[in-house]
Amino acid sequence: MSVPLTFIHPVTPKTVSVILIAKDQGRFLAQALDSIRRQRLQPLEVLIVLGESSDDTDAVARSYSEFSCLRQSGRGIADAWNRGIVEARGELLAFLSADDFWTEDKLQVQAQRMWDEPRLDYTIAHFRYLLEPGCAWPRGLRPDLQGQKLVGRIMETLVARRQLFSRLGGFDVALSTAEDVDFFLRAQEQNVPMACLPEVLLHKRLHGNNASLAAATNTKNLFTALRRSINRREQANEPDR
């Protein structure tokens, strides 16, 4: 079930807020933050939502003094995204995980497309997997995906209008993974106008500890999201009694 969100700040037009979530990713976080620093289109703000880490994640995040650090009040990935969304001021919201990084033109390409086409409520783009040296290719992913240009129906390629979360609600905190699958299904069910851009704008790192690749848990959450979508579609198509 989606979470109703109440925004804290008025929206600032023609701007982008970046929401980055981080927990126990200190070794990768600087590269993610540097990829934001290098954006050709600089965001209005960068909100780093920190979970309870056991490594140096917090110290790395706070060393980027121009970015704002927020302490996550709840637990889980969905809760972290929601925390950033309600604090964001930008007209457009972009999302990044601490173990991934963007190309330098990521925000420019997607934001410009959405400002040029006001009907679009969100855009996604393409990505490539990046296998961390010394790590084996995950058993849950087809080996032929390595090096391929892939459609990124995932959080780290998403740029969405803030108002979309007023309509759809936030991410389902009951899902420890697949919260993005649930979000995209809800958007599809409501025929939200979107576009998939052809550019590769994200490098998604595989390092042996990716939360979204925890096979048993992720499979369960995927089935939950799909089952909910089917139930909603069936209910919408039921004749009035």
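A brief report on the enclosed structure follows.

Calculation rules
- Residues numbered from 1 in each chain as written.
- Predicted model: local features only at pLDDT ≥ 70, side-chain atom pairs only at ≥ 80, totals over all residues.
- Heavy atoms only, no water.
- Salt bridge = Lys/Arg side-chain N within 4 Å of Asp/Glu carboxyl O.
- Helix = DSSP H or I, 4+ residues; strand = E, 2+ residues; numbered from the N terminus.
- Buried < 20%, exposed > 50% of the residue type's maximum accessible area, 1.4 Å probe, protein only.
- Phe/Tyr/Trp six-rings, centres within 6.5 Å; stacked < 30°, edge-to-face > 60°.
- Core = buried A, V, L, I, M, F, W, Y, C linked by side-chain atoms within 4.5 Å.
- Contact = heavy atoms within 4.5 Å.

What follows concerns the pattern of salt bridges. Evaluated as defined, the whole model comprises 15 salt bridges. For Arg 37, the salt bridge goes to Asp 34, with nearest N and O atoms at 3.9 Å. Residue Arg 37 and its partner Asp 34 are located together in helix α1 (residues 26-37), separated by three residues, close to a single helical turn. Exposure remark for Asp 34: the relative accessible area of 24% places this residue in the partly exposed category. Connected through shared salt-bridge partners, Asp 34, Arg 37 and Glu 66 make up one network.

A few words now on the packing of aromatic side chains. Overall, the coordinates contain eleven aromatic pairs when judged by the stated rule. Consider the rings of Phe 95 and Phe 165, whose centres lie 6.0 Å apart with planes at 65°: the pair is edge-to-face. Separated by 70 residues along the polypeptide, Phe 95 in strand β4 (residues 90-97) and Phe 165 in helix α5 (residues 162-168) bring together distant segments of the chain. Taking the relative accessible area as the measure of exposure, Phe 165 reaches 0% and is therefore buried. Measuring from centroid to centroid gives 5.1 Å for Phe 127 and Tyr 129, while their planes differ by 90°, and the two rings are edge-to-face. Assigned by exposure class, Phe 127 and Tyr 129 land together as buried.

Moving on: the nonpolar core. Counting residues in each nonpolar core, the largest one holds 34 residues, and the members touching the most others are Leu 20, Leu 29, Leu 33, Ile 36, Ile 48, Trp 102 and Tyr 129. Listed by contribution, the elements that provide at least two residues to this core are β1 (12-22), α1, β2 (45-50), α2 (57-62), β4, α4 (106-116), β6 (122-131) and β9 (194-206). Once residues lying within four places of it in the same chain are set aside, the contact partners of Leu 20 are Leu 29, Ala 32, Leu 33, Ile 36, Leu 47, Ile 48, Val 49, Leu 96, Ser 97 and Ala 98. Within the second largest apolar cluster, 28 residues are counted, among which are Leu 5, Ala 80, Val 86 and Leu 93.

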